[in-house]
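Structure assessment
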Amino acid sequence: MPSTVHTDTDQPGGAHERTSRRAIRQWLTIWAGEVEIERRPDLAARRRNAEHAVHTLAKDDPAWRATTKELLAVVTEAREKRT
């Protein structure tokens with residue numbers, strides 16, 4: 001009697017392929033955002049300043065929360081420009 005060996009790629013309906021494509025698209029979005037940040041000196045400076053502040057401010061400092069929002073805004077802006 002033949003035995004059937006199932007692997008994680010044997011998902012029904014091509015689910016593995018869709019998952020792989022989604023992961024690749026997500027990676028490309030992240031990568032394109034990084035390229036956009038490096039391409040634009042204004043975004044690169046904003047990110048550098050925000051990253052410095054995130055690492056030097058105390059987490060209980062109200063400015064720390066604002067800085068994390070600024071860092072997220074930079075990344076979001078860059079990703080939206082590249083899509």
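Since the structure is predicted, the reported quantities are computational estimates derived from the model, not experimental observations.

1. Topic: the overall build of the protein
Each helix and strand in the protein was counted, giving three helices and zero strands. Sequence-ordered secondary structure for the protein, helices as α and strands as β, is α-α-α. The 83 residues of the protein split such that 20% are buried. In the protein, once contacts between residues fewer than 6 apart in sequence are set aside, the share between residues at least 24 apart is 52%. With an accessible surface of roughly 6600 Å², the protein has 57% of that area assigned to carbon and sulfur atoms.

2. Concerning a nonpolar patch on the surface
A surface patch of nonpolar side chains, amounting to about 520 Å² of accessible area, comprises Ile24, Trp27, Leu28, Trp31 and Val35. Tracing the backbone shows Leu28 in helix 1 (residues 15-39).

3. Observations regarding the confidence of the model for the protein
Per-residue confidence for the protein averages 86 on the pLDDT scale, and 77% of its residues sit at or above 70. Averaged over each element, pLDDT in the protein is lowest for helix 1 (88) and highest for helix 2 (residues 41-56) (97).

4. Overview of the pattern of salt bridges
The final tally for this structure, using the stated rule, is nine salt bridges. Residue Glu36 is joined to Arg39 by a salt bridge in which the shortest nitrogen-to-oxygen separation is 3.0 Å. Residue Glu36 and its partner Arg39 are located together in helix 1, separated by three residues, close to a single helical turn. For Glu36, a relative accessible area of 3% translates into the label buried. Salt bridges sharing common partners tie together Glu36, Arg39, Arg40, Asp42, Arg46, Glu70 and Glu77.

5. Observations regarding the nonpolar core
Core analysis: the biggest nonpolar cluster contains six residues, these being Ile37, Leu43, Ala44, Val74, Val75 and Ala78. Among the elements that take part in this core, helix 3 (residues 62-82) stands out by supplying three residues, more than any other.

6. Topic: the packing of aromatic side chains
Summed over the entire model, instances satisfying the criterion amount to one aromatic pair. Here the aromatic rings of Trp27 and Trp31 are separated by 6.2 Å at their centres, their planes lie at 15°, and the arrangement is stacked. Of the two residues, Trp27 and Trp31 are both situated in helix 1; the distance of four residues between them amounts to about one turn of the helix. Looking at Trp27, the relative accessible area reads 52%, which means it is exposed.

Conventions we followed
- Residues numbered from 1 in each chain as written.
- Predicted model: local features only at pLDDT ≥ 70, side-chain atom pairs only at ≥ 80, totals over all residues.
- Heavy atoms only, no water.
- Helix = DSSP H or I, 4+ residues; strand = E, 2+ residues; numbered from the N terminus.
- Buried < 20%, exposed > 50% of the residue type's maximum accessible area, 1.4 Å probe, protein only.
- Contact = heavy atoms within 4.5 Å.
- Areas by Shrake-Rupley, 256 points an atom, 1.4 Å probe, with all protein chains shown as cover.
- Patch = residues over 30% accessible without salt bridge, like charges linked within 9 Å, V, L, I, M, F, W, Y side chains within 5 Å.
- Salt bridge = Lys/Arg side-chain N within 4 Å of Asp/Glu carboxyl O.
- pLDDT = per-residue confidence, 0-100.
- Core = buried A, V, L, I, M, F, W, Y, C linked by side-chain atoms within 4.5 Å.
- Phe/Tyr/Trp six-rings, centres within 6.5 Å; stacked < 30°, edge-to-face > 60°.

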